[in-house]
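Below are the chains, spelled out letter by letter.
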Amino acid sequence: MDMLAEGGRIVYSTCSLNPLENEATVLSALRDRPDFRLVPSEGFLPELKRRPGITTWKVMHNNGTWYEKFEDVKDPKHLKSISPTLFPIDAEKHNLERCMRVYPHDQNTGGFFICVIERKETEKTSDPNPEGAEVATDNKAEVSKPGDPFSDNIHKNTNVLVDKMTWKTYHGYREDPYFFQDPGSECFKTVKEWYQLSETFPFANIFARSKSADDQKQRNLSIACSRLRDIIQQNENKIKIINCGLRLFTYCKEAFSKCPYRLLQEGAHFTSTYMGAKLFEVSLEDMIKVLGPDTGVAKHTLKPDLLEKVKDLPTGIVVFYLPPSGIVPAIYSCVYCTDGSVKAYITEDEKNHFRLILGQEPLMTKRELKKLDAMETHRKKKIETAARIALEKLEEEKDSKTSGDDHSVVAEEATEGKEDEVSKEVGAEAMEAER
């Protein structure tokens, strides 16, 4: 926003529908910068179905507690992660309804938030500093006034001593700046020799995060277009760049590989246009074999023409290229070649993507295999638990039956004893009657 000229515009857009990432962020920026405003969006893209920005929302803590306003946040632990800028304070003053919300079910799209922010043009006066007027020293926001919910006084309105707490401040990543490398450096000579890159390869556009000639410090080599290169070089001390360009090579020192820089799959399509002997056109059958399980493919199982090309290759990365055919696009795959085998050196998701394009069933990923193992372990535990419970129940029934048999024996003995006593009494009475 500081770099924007008067009358200039910024388009702020996210692929989220979370108001904390959208309206709350825009509202915080507009509060800090009164010299900016939201531009009405009704005239933009008239055929795009959109809804206006919202002006009310709640804020939820990680534990599921919802808050309608910042004053309701009493828990000191919650105050560490919830700030006043997350709430819709004075939202109606900044025309948040001028923002655009795109919902997937309205027009079969993704979910998006879009707004246009414009820097106001200052009114020019004959006297740049009229008497009694305050002189603005910078483009920062106005000083918070007493009672302003965004000032430090907001913490005094709570029932806890928030002012004694230490707020966690995010300062961003400490990234080293990008430096474009010398086209004649030693690492480029190694890369050029191994991958047989042509003289037209734009080495001048390769950059890393280190000026050092040490290979290990130049872990990733990326490429940018000439215009982006000029922007970076002319603004080294003005713009902090977190990420840019296309990654082509990464440092991966191996004992058996002659080139310490491994070609990345994301840069294979670009680099292949400049490659020579390390680019191999393969048949559909061989490409499907290489995209199989991670065990690798023995070289002698490849077709004779491809086998002849790769049988004597030293250990390292090459590229297999499948030409386009019908609706199937061209496929470039990084392949790790050893003395006796080759295998696709790409992620499981990339491999399954290519397999689906070629009409093959996707392979089980390690995540899915791990999930299946967990499910199988859980199933076995359930079976073991059920068996244990059944055995315990059988033991209880057996014990109860044994106990019942013992009680019946005692009862029979008691009955017999009682019958004997009764018979004796009857006999005595009979003898007495006879007398």
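Our structure's up above, just so we're on the same page.
First things first, this report covers the structure right here in the doc. (Residues numbered from 1 in each chain as written. Predicted model: local features only at pLDDT ≥ 70, side-chain atom pairs only at ≥ 80, totals over all residues. Heavy atoms only, no water.)

Side note on the overall build of the protein
Using the following cut-off: Labels follow the DSSP assignment, with helices taken as runs of H or I lasting at least four residues and strands as runs of E lasting at least two, numbered in each case from the N terminus. Partly exposed describes any residue whose relative accessible area lies between the buried limit of under 20% and the exposed limit of over 50%, with all areas from a 1.4 Å probe on protein chains only and scaled to the type maximum. Any pair of residues with heavy atoms lying within 4.5 Å of one another is described as a contacting pair. Only the protein chains shown count as cover for residues, and all accessible areas are computed by the Shrake-Rupley method using a 1.4 Å probe.
Counting its regular elements, the protein contains 10 helices and 17 strands. The buried share of the protein, taken over its 435 residues, is 32%. Taking all contacts inside the protein whose residues are at least 6 apart in sequence as the whole, residues at least 24 apart take part in 65%. Only carbon and sulfur atoms are counted for the fraction: they give 53% of the accessible area of the protein, which is about 28900 Å².

Here we look at unusual backbone geometry
Although it is not a glycine, Asn-95 sits at a positive phi angle of roughly 55°. Tracing the sequence through the fold places Asn-95 in the loop between helix H2 (76–79) and strand S6 (100–102). Even without being a glycine, Gln-196 presents a positive backbone phi close to 55°. Relative to the helices and strands, Gln-196 resides in the loop between helix H4 (186–195) and strand S9 (206–208).

Considering the sheet that holds strand S16 (residues 331–337)
As a reminder of what qualifies: Should DSSP find at least two bridges between two strands, the strands are regarded as paired.
The strand order across the open sheet formed by 5 strands is S13-S15-S16-S17-S14, and the pairing between neighbours is mixed. Sheet topology places strand S13 (279–281) and strand S14 (297–298) at the edges, where each strand pairs with a single neighbour.

Considerations on a negative patch on the surface
Selection rule: Patches here: salt-bridge-free residues with over 30% relative accessible area, like charges joined within 9 Å, nonpolar side chains (Val, Leu, Ile, Met, Phe, Trp, Tyr) joined within 5 Å. Whenever Lys or Arg places a side-chain nitrogen within 4 Å of a carboxyl oxygen from Asp or Glu, that contact is recorded as a salt bridge. Here Asp and Glu are counted as negative and Lys and Arg as positive; His is not counted, and neither are the chain ends. Charged groups are reduced to one reference atom each: NZ for lysine, CZ for arginine, CG for aspartic acid, CD for glutamic acid.
Taken together, Glu-395, Glu-396, Glu-397 and Asp-399 make up a surface patch of like negative charges. Structurally, the position occupied by Glu-395 is in helix H10 (residues 366–434).

As for the sheet that holds strand S8 (residues 179–180)
Formally: Note on definitions: angles span 0 to 180 degrees between N-to-C directions of axes, and those axes are lines fitted to C-alpha atoms, for helices only across the stretch in contact.
The strand order S8-S9-S10-S11-S12 describes an open sheet built from 5 strands, whose pairing is antiparallel. One side of each edge strand has no neighbouring strand; the edge strands of this open sheet are S8 and strand S12 (261–263). Where S9 meets strand S10 (residues 220–223), 2 bridges bridge the pair, whose relative direction is antiparallel. The partner of Phe-207 across the bridge, within S10, is Ser-222. Running over the sheet, H4 touches S9, S10, strand S11 (246–251) and S12 and is turned about 45° from S12.

A look at a nonpolar patch on the surface
Nonpolar side chains collect at one region of the surface, where Met-364, Leu-369, Leu-372 and Met-375 lie side by side and expose about 370 Å² of accessible area between them. By the element assignment, Leu-372 lies in helix H10.

Observations concerning the nonpolar core
Test applied: Buried Ala, Val, Leu, Ile, Met, Phe, Trp, Tyr and Cys residues that are joined via side-chain atoms within 4.5 Å together make up what is termed a nonpolar core.
Judged by nonpolar contacts, the single largest core of 26 residues is most densely connected at Tyr-195, Phe-249, Tyr-261 and Leu-263. For this core, the secondary-structure elements that each account for two or more residues are H4, S9, S10, S11, S12, strand S15 (316–322) and S16. Looking at this core element by element, the count peaks at 5 residues for H4. Formed by 23 residues, the second largest nonpolar core is a distinct cluster that contains Leu-38, Val-73, Cys-115 and Ile-117.

As for the pattern of salt bridges
A side chain with one charge can pair with a side chain of the opposite charge if their charged atoms come near. Summed over the entire model, instances satisfying the criterion amount to 19 salt bridges. A salt bridge links Asp-106 to Arg-51, with the shortest nitrogen-to-oxygen separation between them at 2.9 Å. A residue pair is termed long-range when its members are at least 10 positions apart, and Asp-106 in helix H3 (residues 104–107) and Arg-51 in strand S3 (residues 51–52) qualify at 55 residues. Note that Arg-229 and Asp-230 form a salt bridge whose closest N and O atoms lie 3.5 Å from each other. It is possible to trace a salt-bridge network through shared partners that takes in Asp-2, Arg-33, Asp-35 and Arg-119.

Topic: the packing of aromatic side chains
Threshold: Think of it this way: a Phe, Tyr or Trp ring, Trp meaning its six-membered ring, pairs with another when their centres are within 6.5 Å, and the plane angle makes it stacked under 30 degrees, edge-to-face over 60, tilted otherwise. Whether a charge sits over a ring depends on NZ of Lys or CZ of Arg being within 6 Å of the ring centre and within 35 degrees of the ring normal.
Within the structure shown, the criterion is met by 15 aromatic pairs. Taking the centre distance of 5.2 Å and the plane angle of 40° together, the rings of Phe-188 and Phe-203 count as tilted. Separated by 15 residues along the polypeptide, Phe-188 in helix H4 and Phe-203 in the loop between H4 and S9 bring together distant segments of the chain. The pair Phe-188 / Phe-203 is uniform in exposure class, with both members buried. Ring pairs connect the aromatic residues Phe-188, Phe-201, Phe-203, Phe-270 and Tyr-274, which therefore count as one cluster. Above the ring of Trp-194, the side-chain terminus of Lys-278 is found at 4.5 Å from the ring centroid.

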